[in-house]
Amino acid sequence: MSALLRQVARAAPRQSRFLSTSQVSRKDLVQDMYLRELKAYKPAPQAKDAHLAHVKAYKAPSSPTPPALPADLASELAAYDSQEPGTAPTATTAAETTTVTGDAAAEFLAHLEADIPKEVHH
């Protein structure tokens, strides 16, 4: 039996698949057309004075004038020193107008120290 299998194995044509490790390169037609158009593109020449419509001529700003001191500086400083500082009127709030008595404070502390009532579950 084994001799018969050996003869059949030798006589049968060997079929084997050849596997390629590299992929078949496929052309990208859109990319080829795009690259060809990019290479063929020639921009229109610009005039040498084309930038003048977009750029203004530079004009240096005028130099600032120094501040002038008043002629009678000493009298103005003396008048400033003699002024009394003013205070802004204060607005009274509701918290400032309430008076706290000892009884109210004691009631508040008693309320804080009281036990919390437990809820009754039905």
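For clarity, every value in this text was computed on a predicted model and none was experimentally measured.

S.K.: I keep staring at the overall build of the protein chain and nothing clicks. Help me out?
M.R.: A tally of regular secondary structure across the protein chain gives five helices and zero strands. Helices and strands in the protein chain line up, N terminus first, as α-α-α-α-α. Summed over all atoms, the accessible surface of the protein chain reaches about 13,800 Å², with 60% contributed by carbon and sulfur.

S.K.: Looking at this structure, how should I read a nonpolar patch on the surface?
M.R.: Residues Y34, L35 and L38 make up a contiguous nonpolar surface patch of roughly 310 Å² in combined accessible area. With respect to the element layout, L38 can be found in helix α2 (residues 29-40). What makes L38 partly exposed here is its relative accessible area of 46%.

S.K.: Just to check I follow, could you spell out α2 for this structure?
M.R.: Because the α-helix completes a turn every 3.6 residues, residues three or four places apart line up on one side. Helix length check: α2, at twelve residues, gives a terminal C-alpha distance of 17 Å against a target of 16 Å (1.5 Å per residue), a fit within 8%. Judged by how many residues are buried, α2 sits mostly at the surface: zero of twelve residues are covered.

S.K.: Sorry if this is basic, but what is going on with the confidence of the model for the protein chain here?
M.R.: Any residue range with low pLDDT should be treated as having predicted coordinates unsuitable for detailed reading. With 79% of its residues at a pLDDT of 70 or more, the protein chain has an overall mean of 80. Looking across the protein chain, the model is least confident in helix α4 (residues 94-97), with a mean pLDDT of 58, and most confident in α2, with 94.

Rules used in this analysis
Residues numbered from 1 in each chain as written. Predicted model: local features only at pLDDT ≥ 70, side-chain atom pairs only at ≥ 80, totals over all residues. Heavy atoms only, no water. Helix = DSSP H or I, 4+ residues; strand = E, 2+ residues; numbered from the N terminus. Areas by Shrake-Rupley, 256 points an atom, 1.4 Å probe, with all protein chains shown as cover. Patch = residues over 30% accessible without salt bridge, like charges linked within 9 Å, V, L, I, M, F, W, Y side chains within 5 Å. Salt bridge = Lys/Arg side-chain N within 4 Å of Asp/Glu carboxyl O. Buried < 20%, exposed > 50% of the residue type's maximum accessible area, 1.4 Å probe, protein only. Expected span 1.5 Å × (residues − 1). pLDDT = per-residue confidence, 0-100.

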